[in-house]
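# Analysis of the macromolecular model
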Amino acid sequence: MKPQVTSALLAATLTLSAPSLLAELVTDDFSGDELSNEELLSLSLEEVMTLEVTSVSRKKQRLMDSAAAVYVVTQEDIRRSGAKTIPDALRMVPGVQVAQMNSNTWSISARGSNYVFANKLLVMMDGRTLYTPEYSGVNWDVQDTLIEDIDRIEVIKGPGAALWGANAVNGVINIITKPASETQGRLLTLGVGTAERYYGSYRYGGHLSEDAHYRSFFKVFRRDGFLNSDGSDASDDWYINRAGFKAEWQKTEDDFLSIDAAIFDGKVQPHLFIFDSDQSAKVLLTDKEKMQRGGHIIGSWQRKTSDKGDFTLKGYYDRYENTDYRIAAARDTIDIETQHRFQWSDKQEIVWGLGYRSSWYEIKEMNFVFVDEEKPVEQLYSAFIQDEIQLNPDWHLTLSSRLEHHTDTGYAFQPNASIAWKMNDRTTAWAKVSKAVRTPSMSERKANVSGVYLIDDPSLPLPPNTYLSLGRNQELDSEKLTAFEFGIRQQVTAALSVDLAAFVNEYRGLHSLVSSSVCPDGTTLNTGVCAENALPPTYYFLPATLENGLNATTYGLELALDWAARDWWRIKSDLTLLQVDASRLEDQDFSRQTELLVEGLSAKISANVRSMMDLSNNWRLDTWVRYVGENKSADVDAYTALDMQLAHQFNDELEFSLIGKNIFESSRLEFNEYFTGLVATEIEESWYAQVQWKF
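Residues numbered from 1 in each chain as written. Predicted model: local features only at pLDDT ≥ 70, side-chain atom pairs only at ≥ 80, totals over all residues. Heavy atoms only, no water.

Right, let's get into the side chain of Glu444. Relative to the elements of secondary structure, Glu444 occurs in helix α7 (residues 442–446). Within the structure, the side chain of Glu444 is placed 2.8 Å from the backbone nitrogen of Ser441, a separation counted as a polar contact. Dropping the residues within four chain positions of it, Glu444 is found in contact with Asn119, Arg438, Arg472, Asn473, Leu476, His511 and Leu546. (Helix = DSSP H or I, 4+ residues; strand = E, 2+ residues; numbered from the N terminus. Polar contact = N/O pair within 3.5 Å; in protein donor to acceptor, adjacent residues only side chain to side chain. Contact = heavy atoms within 4.5 Å.)

Structure follows, in structure tokens:
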């Protein structure tokens, strides 16, 4: 075992198993009621299990009653973890794989298929879809808000397509911010450190009347770069400035209006490996800046139609601009959705709705990534319905389905059936079977990529300086999933709760690399490779495309425990086991490599242990140990990480925190890939201090 791993485990063991060392500091009668921001930790576990979630059934529902593998990251979890980004907060969720490739690039997925272009996870914030239609993934570096304004993050592991649509294949992440009425007054946060070089935010909340509230904020940060493999500074630091506004108005007893808007701009300087035709070689670029800017506005109207019914109309406009060296583009999106919930009978509740989304692009510059259409447009029409049936007081059956039509792939039908059994007041068991599809992205159907990935495999009989040329496939079909899940939640005692979920996912028609005969411009096919027209050729391209050429089955188990060891001490832990078996439909070039890639994209085992201690005199000590197993496809070893936070609440207004991340780590590689040209850099130990003032 590596020395830093041993040190991390030792420190965690001491923190978790030796509370007697802190006996002089701890008072057993400490109550979270003394501090307004300690309320959630002071809740009993019974009260935590009655927390309401909305992402499972598109309505408020007790966590205990949800027929899905749902996990909630609360604001208190985020605050006590020391996380400063949404990706870092998601590391707490069992079944979700989070890996950081460089200072501003993450690969995040659920239940396998983790990659920089992870495309089977639907991410939303306050109803606004965050995934990028260009590649069906998420630009995690620009998904942010004031971290203190996040009320909770609801994570559904498993398909949510019947209610939320395409790309909700392996899971749904719904980031929900606090109402403006709960963020009144002023909040100033300032921090400095090593990786978090500096950051600051200011929020002001006010009201126009007793029924109308608003808040606005400004946030800025600059994060230091990671390390190269030789220990030198990678200089991939980045910054983003962001400002936002939210207003809410309870117009009448039955009508509620809200509006939310934000803008941002930032810059990163990623290192890129790119083919240079002038030098006929792969070169490293370190001076290419990537500028990003954008914004959104969301409007919502909710009308209460009865004691158990309501109607919602929501729409948003989103703008994103990206001046990446490989391809510079701008995207505009409008999205409109309606939802109606009503009581069909005493034992049946119906939720149904309609949706329309349109995205249009302007592609400004193309280097290595080429799209024939300079202004492509995509449209998505959808309709969904859900019927929740109370079979008897202890059994609830839910049937739901969604019909979508995409301009490129046509119609898709995505049904779901789940059943929940309330065994007693403390135990609920559930089972679920569902289907979902992942729509091909614009880059897969319409883009050609050449000169990024150098093929350097001695086992392949290729000439030197051979690069992959990935051609578009306009006939590419959607990937399909049939999922089987079951789980049980139990409040074992007043101090211990258990949440267990197991699943089997059957994927059909996964996208796989296959050989092609279409060469890039300026080259000619000769004995399977494309050679430059000049003689003798000094570089070559190996042509390939994507087809629905792979099937896969994944098996998994997710266990989460919540233990109130003392009134002042809570421990949350989880364990995830995952197995992926892939099979190619035809034995073609690249098919074996793609099969191995899919099987090795995620760790087979991962675990978290988080300790949250409220000490005397308003001190707080939080410890987080996480283990992530080997990622073969990313060529990353298993690792153990330790984070700690020591905080002091001087009074209701002022708090000081000292946070250490990846303690005892000299540096660590979390993810690596070869198809984008991005250079993977290594995380190092970091510390930062934070002051937060409410006034």
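There is more to say after this.
Okay, the pattern of salt bridges next. For side chains bearing opposite charge, pairing can occur when the charged atoms are close. Here the structure, examined in full by the defined rule, presents 53 salt bridges. A salt bridge links Glu349 to Lys59, with the nearest nitrogen and oxygen atoms 2.5 Å apart. Here Lys59 lies in the loop between β1 (52–53) and β2 (61–62) and Glu349 lies in strand β22 (residues 348–366), a separation of 290 residues in the sequence. A salt bridge links Glu349 to Arg341; the shortest N-O distance between them is 3.0 Å. Residue Glu349 is classed as buried on the basis of its relative accessible area, which comes to 11%. A relative accessible area of 17% places Arg341 in the buried class. (Salt bridge = Lys/Arg side-chain N within 4 Å of Asp/Glu carboxyl O. Buried < 20%, exposed > 50% of the residue type's maximum accessible area, 1.4 Å probe, protein only.)

A separate point is the sheet that holds strand β7 (residues 128–129). Spatially, β3-β10-β11-β6-β7 is the arrangement adopted by the five strands of the open sheet, whose pairing is mixed. Two strands in the sheet have a free side with no partner beyond their single neighbour: β3 (69–74) and β7. As defined by bridge partners, strand β6 (residues 121–125) adjoins strand β11 (residues 171–177) across five bridges and the pair is classed as parallel. Bridge pairing in β11 links Met125 to Ile175. (Pairing = 2+ DSSP bridges.)

Counted under the stated rule, the structure contains one disulfide. Paired through a disulfide, Cys519 and Cys530 show a sulfur-sulfur distance of 2.0 Å. Handedness here is read from the sign of the S-S torsion; for Cys519 and Cys530, about -80°, the answer is left-handed. Note that Cys519 is positioned in the loop between β31 (496–515) and β32 (523–526) and Cys530 in strand β33 (residues 529–532), a separation of eleven residues in sequence. Taking relative accessible area as the criterion, Cys530 reaches 0% and is therefore assigned buried. (Disulfide = S-S within 2.5 Å.)

Moving on, we get to the packing of aromatic side chains. All chains considered together, the criterion is met by 15 aromatic pairs. Consider the rings of Tyr199 and Tyr688, whose centres lie 5.9 Å apart with planes at 80°: the pair is edge-to-face. A residue pair is termed long-range when its members are at least 10 positions apart, and Tyr199 in strand β13 (residues 196–209) and Tyr688 in strand β40 (residues 686–694) qualify at 489 residues. Classification of Tyr199 as buried rests on a relative accessible area of 9%. (Phe/Tyr/Trp six-rings, centres within 6.5 Å; stacked < 30°, edge-to-face > 60°.)

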